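Inside the fold
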Amino acid sequence: EAQVTQNPRYLITVTGKKLTVTCSQNMNHEYMSWYRQDPGLGLRQIYYSMNVEVTDKGDVPEGYKVSRKEKRNFPLILESPSPNQTSLYFCASSKTGNEQFFGPGTRLTVL
Amino acid sequence: QKEVEQDPGPLSVPEGAIVSLNCTYSNSAFQYFMWYRQYSRKGPELLMYTYSSGNKEDGRFTAQVDKSSKYISLFIRDSQPSDSATYLCAMSVESSYKLIFGSGTRLLVRP
């Protein structure tokens, strides 16, 4: 089954404790992206990657890091999480960058 | 002013009604237009995808793009309670890897 998977689905952590949210796709898509979704603000792009080893900032990259060492994986790293990064995070992949397929989401709470 | 504006709703209609969901945008360079459906606690799911102006139909769903008015619409015919969800519009410019989302309209279809 073609899908985007994210882990963990739920995470509660404390300020400053480094964490990684994994994202994997099995559709051989070149393009992958991370979004955060907040009430009233909609989906905002954090980072995106056009291919292996090629990444670029989206609209809200501060406090986040990404890496794309393999085509299928695109982890999101929070080196020192803060409460304002409490949000619902989605990973997406696409063949072209336009028709994006989303993962199930990761709900992160930073205390 | 946001690049993409969408009424948050909620929009409540009886089962069987025709639903009209809309987005306006300010960037005349947008060429790709998408509608996503998002059920509670799930990732957005691509519903419709159109390039440039015109209409596209898929079953009970019709997407319409009016570039002269910078206005896109999604019509749902014979609405069902299972259509109750948040509908997000999204758009991008040619050769861009960046999707700009509306904040979503919550739709409730009453049995």
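Residue indices begin from 1 for each chain and proceed along its sequence in written order. Written order determines the labels here, with chains lettered from A and ligands numbered from 1. In view of the model being predicted, local features appear only for residues whose pLDDT reaches at least 70, and side-chain atom pairs are presented and counted only at 80 or more, with totals across whole chains, interfaces and linings using the full set of residues. The basis for every side-chain value is the complete set of heavy atoms in the structure, and neither hydrogens nor water enter the calculation.

Topic: the pattern of salt bridges
Every case where a carboxyl oxygen of Asp or Glu lies within 4 Å of a side-chain nitrogen of Lys or Arg is listed as a salt bridge. Inspection of the entire model under this criterion finds seven salt bridges over all chains. Taking the shortest distance from any N to any O, the salt bridge between E79 of chain A and K65 of chain A comes out at 2.9 Å. Pair noted here: E79 of chain A is in the loop between strand 8 (76–78) and strand 9 (87–94) and K65 of chain A is in strand 7 (residues 65–66), with a separation of 14 residues, a long-range link. Partly exposed residues are those whose accessible area sits between 20% and 50% of the maximum for their type, while under 20% is buried and over 50% is exposed, using a 1.4 Å probe and protein chains only. Accessibility expressed as a relative area gives 36% for E79 of chain A, which makes it partly exposed. A salt bridge links R37 of chain B to E45 of chain B, with the shortest nitrogen-to-oxygen separation between them at 3.2 Å. A helix here means a DSSP run of H or I that spans at least four residues, while a strand means a run of E at least two residues long, and both kinds are numbered starting from the N terminus.

Observations concerning the state of the cysteines
All names here are of chain A. Criterion for a disulfide: a pair of cysteine sulfur atoms within 2.5 Å. The tally for this structure, following the rule as stated, stands at two disulfides over all chains. Disulfide pairing is shown between C23 and C91; the S-S distance is 1.8 Å. Here the S-S torsion is close to -75°, and the disulfide linking C23 with C91 is therefore left-handed. Taken together, the positions of C23 in strand 3 (residues 19–25) and C91 in strand 9 put the pair 68 residues apart, joining distant regions of the chain.

As for the pairing of strand 3 of chain A
Residues and elements named next belong to chain A. The buried fraction of strand 3 is high, at five of seven residues. Relative to strand 3, strand 1 (residues 4–7) runs antiparallel, the two sharing four bridges. In the sheet register, N7 faces strand 3, and the bridge partner there is T22. Strand pairing is assigned whenever DSSP detects at least two bridges linking the two strands. In this structure, strand 3 lies alongside strand 8, joined through three bridges in antiparallel fashion. When the sheet's bridge partners are listed, L19 is paired in strand 8 with L78.

Re the sheet that holds strand 3 of chain A
Across the sheet, which stays open at both edges, the four strands sit in the order 1-3-8-7 (chain A) with antiparallel pairing between neighbours. Of all the strands in the sheet, just strand 1 and strand 7 of chain A have a single pairing partner and so form its edges.

So, the interface of chain A and chain B
The interface is formed by 21 residues belonging to chain A together with 21 residues belonging to chain B. Once two parts are put together, the accessible area they lose, assessed with a 1.4 Å probe and summed over both, is termed the buried area. A combined buried area of about 1,700 Å² lies between chain A and chain B, and 55% of that area is made up of carbon and sulfur atoms. Contact with chain B buries area across many residues of chain A, yet L43, N98 and E99 of chain A alone supply 31% of it, more than any other trio. N or O atoms within 3.5 Å of each other form a polar contact, as long as, within protein, one can give a hydrogen and the other can take it, and as long as residues adjacent in sequence are counted only when both atoms are side-chain atoms. Taken together, the connections running from chain A to chain B amount to four residue pairs in polar contact (both at pLDDT 80 or more). Within the residue set of the side of chain A that touches chain B, elements represented by two or more residues are strand 4 (31–38) and strand 5 (42–51) of chain A. Counting residues per element, the side of chain A that touches chain B draws most heavily on strand 5 of chain A, which supplies five residues. Classifying every residue of the side of chain A that touches chain B gives nine nonpolar, nine polar and three charged. What makes two residues a contact is simply this: any of their non-hydrogen atoms within 4.5 Å. The nonpolar class holds Ala, Val, Leu, Ile, Met, Phe, Trp, Tyr, Cys and Pro. Asp, Glu, Lys and Arg form the charged class, and all remaining residues, Gly among them, are polar.

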